[in-house]
Each structure stands twice: as C-alpha cells, then as structure tokens.
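Architecture and fold: a report
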Amino acid sequence: MPHAPELPTINRMPAKRSHVEKWLPILAITAVWASMHSLLLVLGGSIDGDLLGTDPYMRLVRVTELIDGGGWFDIVIERSNAPFGDELHWTRPLDVLLILMAAPLAPFIGFRDALLTAGIVVSPLMHLATLFVVVWAATPLLGAQRARFSGIVLVVQPMVLLQVMPGQADHHSLQLLALALELGLLLRLFDHERLSVSRRTAVTAGAVAGFGIWVSPEMTIVAGLAVTVLGLAWLRGAIPARLLRHYALGLTSLVAVALLVERLPADWLATEYDKVSLPHLTAGLAVLLVALAFEWIERRTTADRARLLRAIPVATVATAALLVAFRGLIEGPSAEVDPRLIPIWLDHVSELEPLLPTDLPSFGWLLIALGPALIALPYVLAVSWRTRHDPTSLAWATLALFFLAYFVLALWHVRFAPFAGIPLAIVSAQILGRMRDWATLIRLPILRRITWAITAPLFIVGFMLIGSLVVATSSDAEGAADTATECDLRAAAAAINSQPNSADAVVFAHIDFGPELLYRTDSAIVAGPYHRNGRGILDVYDFFSSSDLDRSRQLAEERGTRFALVCDTPNEAGFFSAGTPGQSLYERLIDDDAPEWLSLTAYGTADQRFRLYEFRSDR
C-alpha cells in the first residue's frame, strides 16, 4: 500500500511577537473600520433610522413576524402578494443572528427598536470579523507582517463596503465572512506542519462551504472551487484522497443539518435551486462518492498519468449524472425565475448588470469596483505558475483559482465583485509587501518613507479615484446623477397610516417600495422585488403600465386594492414605461389625471413628489 504523499510547508509566522507588534495592527485596522463606518452611518442615513435598499426592511418584517408568533417553518409573508401571501426563498441564519443581537437591547428600548439597531450594525460587525479573518487566512502564506495589509485593503474596497454598510441587514455579509474562512482553511490544508490536524481542517472547510450554501445557494460556487482545488491537488499527488473525503463529509453534514432546520419532513425531498434543498445535498453526496473512488484509485496506483486516466471518467460520470438529475444547479437561483420577469425587471437590476466594460464610463466603473485586480490578477497567476514546484504552489493556485473565477463572474454580474474582493485583498497584501521591500532599497530614510507613503495608498485607492474621475467626466454622468433621486417613503407611509382603517389595506406600488411600506405600515402590498412572487410583480407592472384602464381596474378589484401609490422618479418612470400604445395609468396618475375610480387623498405632507390615490368602488 503506497504511503500518503507529504504536504508542502507554507510560510510560518514568527514564533514570538511583542504585545505592541501583536495589538497595534489590530487597533489600526479597527480604527480605520470604525472611521469608515461612522462616516457611512451618517452619509447613508442609518443614523436617522433608515435602512439601505429593500431587503433589510423585508428581513426585519420577516423576523418580526417570527417573534410575534409566526412558525419557524412558516416563511410566507402574509401582507405581501396580498391577499395570497409571498413565500420568500431566504433561510434562517441571519434571522437568528439579528434576534440574538436584538435580545440584550429589547428590555431597554423595546424589541422593534432593538431589531432596527441590530439591522443597522449587523453587516458592519460582520465586516470587522471578515477583516480579521482575511488577515488570519493570509498569514500562513504571506507571513504575519504582510498579512496585515490584507485587512487594510479590504476595509476600503468600494464593492465590499456596499454590502456591509450600516443599515445593510442582508445575508451578503455572512457570505463574505464564509468565503474568507473557506480560503483560510484551504490554505492551511496545504501545510505540512499542520498534517496532524488536516482531517479536522478539511471537515471544517467543508462545513463552512455547507453553511455558505445554507445562507445562499450562490455559495455552491465556493464549494465547487474548493472541490476542484482538492481534486487537482490529489491528481498531482500533493494530498491524499482522504482529505477530499473529509471535506465532502463536512459539506454534506452541514447541508443535511440545514435541511433539517429549514424544512418540514414532508419538504425534505423538495427541489429548489434558490434555497438549500435536495439538489445541494445530492451534490455533496456526489463529491463524497467521487472521493471514495479516488481513495480506491490511490490504493492501486501512485502514477500521476494512471490516476488521471481513472479519475476523469469517475468525475465526468458523477458530474453528468448530477446535472442530468438537477440541471438547475448550473443556473443556480435564477433557475426559479419566471422568464416573463426578465425583460421588465431583472434586465434592469443594477447588481445583475455586467461589469465588463464596453465604453469609457463602464471602464471607469470597473476601475472603481475592482481596479487593483488589473494588476493583482495577472500577478497571482504569474506567481502560481512560477511557484508550481515550490511548497507554496497549491496555496497560490487556490488563491489564483478563486480570484480568477470571481473576477470573471463579476464581469458577468457585478453582484459577484465583492466576493472577488476577498482574494484580491490577500494578493494585494503580497504586492504591497513587495513594494515595501523595494522601498527599503532606497538608502535615504526620508525618501524611503515618502516613497512608501505615496505608492501604498496609490495602489489601494488610486484606481478608485481614477475611475471616479473617468465616470464623473463622462457624457453619461449627468444622467446617472438624475437616477439617484429617491421617493420619501417615510412620508408616503405616514400618508397611508393617516387614512382611516388602513391596517391590512392593499397598496399597489412600485415593487422597490413594497418592503419599506410593509415595515412602516400595517398595510399590505401586491409585490416586492422577489422572484418567487412573479404573479405579484407582473400585476404591479400591468396595473401601472397599461393604457387599458379597465384592465387596471380589474387587477385592483381582484386584489381587493384600496390604495395606489406613485412617485415621480426616473427609476419608477422607467419601470412603468408603457407596454401598450397610449398614456399609461402611471403617467395619468403622475399628471393628476386619474380615472374616476381613483381619487387623490389629502396626505398632508410637503413632499409633492408622491401621490397616494384611493380606490373608489362606487365608480
């Protein structure tokens, strides 16, 4: 029986460090983080109790319903898609975290305000945790000193900040943390000095990937990349196949736990691609079977070519069988989307826009989002090739694969750009370390310090500044600024609440208004921006965009509608661009030319940009 291959050794941190050396970088990263989020707290409006976007409001509505007596497995928001209810695809990990954070504050300020506070601070706290996890992840590969730079780089990345700002109570911050943990564990798997704990590390890495899938099936990408790295490492003879088996056990076990926690027994065999379900468990089991097959091959041959010839058919058959049974795994959450929603809604969602530049302004946005990657990605690819025979080869290859995959995905959909930011931060730390080494070659101390003080910030934020300048001076800058205007939904909610018997009254409004209206009122909405409620989204679109007033009135009657809310913003006008010739209902309402069955309410607010109409059943 052949001996298991030895694992390569990765750079070690110094055995002893002074307290100053240990704590000063931590304090520095924390200070930069605190300064950044304090500024964002004010600029983003969360200091006044506002959340960012739509999902945070719907998340708090969901948690409130759970606390108010909703069942753990009851995931239907009754006041959305009224009167039918809207079943969300979200899972419970972030809900539980928000409840745990709100619980200590609830006796002093009440649960609602405590939950709002938790919603404001949860993502910044996850960001802080991710900063230190990234430093931890990079330390075995880069050494302690260079690894600290990764935290500084990550704290100012614009695309990451968009996901972790105060008031961004969304699960994306948990995903970023899981990705950082996964990278750190994988890098440690390729460390010979940690061979005694490699089994535990592999199981933990698999469990972290499984937790990511629990949070969002988008994280199946992470598991797929990790399995690819481990499989290729085994083919090279660098790791034993048992590590892949341990990884698969951790992955499958955590996904199985997620199914038990999220679903009733009658729902265990459900196939859903936008929420952890049977296909994801089956994928983990497929990896486990492949790992067992690799172990069988390993016991019979040590030759790389023989392994390859036997492993390719095994992996190919397993992958093909999995995708034949669950073809939606390739599409991921988008497999659940009603195709009719794509042209009227999803094609215009900003986070689904491509980052691939097609003109000067879009190139400017690429520089803002992932500018340092234009240097860091070629660098890590070159390093992974140059070190292919070194002890650190597998670690660099892992970093390169994750970086390349998420960079390409970001060019397809900008929503993946924050995930590319995790490997980008680690690679950037290595580049900054090399820059500092080069600066030390300057003999004159003052010139050495000035060089380092200029070049490091330029690399970290220089691309963002150049990109901002390109976007600001482009011909589309003025139009982009116009679309940033928003409706005062606080005032709109107050207008609804001021109407008699407004509780449970159904409101037709733009889908992006829905979640905040649910949070600020006791009324019901027809739809929010969630793909499972395709019928509600289509009804909202048809109601406002149709020039057939009889059709719009029919939709209102079917929903038991009482109010229609419109707001004169470019975003709303673009969404309700008339689908048929003639003046749409939306355009008529904005122009105060409502049909006789809708009457303008007296809402008593200085904000004249929104209009609240009441349905008149007597006309």
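Quick caveat, the model's predicted, so the values are computed rather than measured.

1. Remarks on the overall build of the protein
For the protein, the helix and strand inventory stands at 27 helices and seven strands. Relative to a compact globule of 619 residues, whose C-alpha radius of gyration would be 25 Å, the protein shows 27 Å and is just as compact. When burial is assessed residue by residue, the protein has 55% of its 619 residues classed as buried. Accessible surface, the protein: about 26,900 Å² in total, of which carbon and sulfur atoms supply 63%. Seen as two clouds, the 48 positive and the 59 negative side-chain charges of the protein have centres 16 Å apart.

2. Some details on the packing of helix α8 (residues 172-189) against helix α18 (residues 393-412)
Put simply, α8 and α18 touch, their axes get as near as 9 Å, and they point 155° apart. Here α8 is positioned roughly antiparallel relative to α18, judged by the angle of their axes. The hand of the α8/α18 crossing is right-handed. Between α8, through Leu179, Leu183, Leu186 and Leu187, and α18, the contact on the second element is made entirely by Ala395, Thr398, Leu399, Phe402 and Tyr406. Of the residues in the contact of α8 with α18, the class split is eight nonpolar, one polar and no charged.

3. Some remarks on the nonpolar core
Core analysis: the biggest nonpolar cluster contains 158 residues, and Tyr247, Leu355, Leu370, Phe402, Tyr406, Leu517 and Leu565 have the highest contact counts within it. Not counting the four nearest positions on each side in its chain, leucine 370 is found in contact with Leu355, Phe407, Ala410, Ala417, Ala420 and Leu424. Of all hydrophobic cores here, the second largest spans 34 residues; its members include Leu346, Val526, Phe543 and Trp597.

4. Observations regarding the pattern of salt bridges
Enumeration according to the criterion identifies 22 salt bridges in this entry. Across the pair aspartate 50 and arginine 520 runs a salt bridge whose closest N-O atoms are separated by 3.1 Å. Of the two residues, aspartate 50 is situated in the loop between α1 (19-43) and α2 (55-67) and arginine 520 in helix α23 (residues 514-520); the sequence distance between them amounts to 470 residues. The structure contains a network of salt bridges with shared partners spanning Glu87, Arg263, Asp267, Glu272, Asp274 and Arg532.

5. Observations concerning the sheet that holds strand β5 (residues 561-567)
The sheet built from five strands is open, its strands ordered β4-β3-β5-β7-β6 with mixed pairing. On the outer flanks of this sheet lie β4 (524-525) and β6 (598-600), each paired with one strand and no other. The pairing of β6 with strand β7 (residues 610-615) spans three bridges and is antiparallel. What sits directly across from leucine 600, in β7, is tyrosine 613. Those strands touched by helix α22 (residues 489-497) are β3 (506-508), β5 and β7, and its axis lies near 25° from that of β7. Of the strands in this sheet, β3, β5 and β7 are in contact with helix α25 (residues 549-559), which crosses β3 at around 155°.

6. Here's the deal with the confidence of the model for the protein
Residues with a pLDDT of 70 or more make up 92% of the protein, whose mean pLDDT is 89. Of the regions scoring below 50 in pLDDT, residues 1-10 engages in 36 contacts with residues more than four places distant in sequence or in other chains.

7. Topic: the state of the cysteines
Scanning all chains against the criterion turns up one disulfide. Paired through a disulfide, cysteine 487 and cysteine 567 show a sulfur-sulfur distance of 2.3 Å. Linking cysteine 487 and cysteine 567, the disulfide has an S-S dihedral of approximately 105° and is accordingly described as right-handed. A residue pair is termed long-range when its members are at least 10 positions apart, and cysteine 487 in the loop between α21 (477-482) and α22 and cysteine 567 in strand β5 qualify at 80 residues.

8. A look at the pairing of β7
Within β7, five of the six residues are buried, leaving the element largely enclosed by the surrounding structure. The sheet contact formed by β5 and β7 spans five bridges and is antiparallel. Opposite leucine 565, over in β7, you have leucine 612 as the bridge partner.

Rules and cut-offs
- Residues numbered from 1 in each chain as written.
- Predicted model: local features only at pLDDT ≥ 70, side-chain atom pairs only at ≥ 80, totals over all residues.
- Heavy atoms only, no water.
- Helix = DSSP H or I, 4+ residues; strand = E, 2+ residues; numbered from the N terminus.
- Rg over C-alpha atoms; globule rule 2.2 N^0.38 Å.
- Buried < 20%, exposed > 50% of the residue type's maximum accessible area, 1.4 Å probe, protein only.
- Areas by Shrake-Rupley, 256 points an atom, 1.4 Å probe, with all protein chains shown as cover.
- Lys, Arg positive; Asp, Glu negative; His and termini not counted.
- Charge placed at Lys NZ, Arg CZ, Asp CG, Glu CD.
- Axes fitted to C-alpha atoms, helices over the stretch in contact; angles between N-to-C directions.
- Parallel < 35°, antiparallel > 145°, perpendicular 65-115°, else oblique.
- Left-handed = near helix turned anticlockwise from the far one by under 90°.
- Contact = heavy atoms within 4.5 Å.
- Nonpolar A, V, L, I, M, F, W, Y, C, P; charged D, E, K, R; others polar.
- Core = buried A, V, L, I, M, F, W, Y, C linked by side-chain atoms within 4.5 Å.
- Salt bridge = Lys/Arg side-chain N within 4 Å of Asp/Glu carboxyl O.
- Pairing = 2+ DSSP bridges.
- pLDDT = per-residue confidence, 0-100.
- Disulfide = S-S within 2.5 Å.

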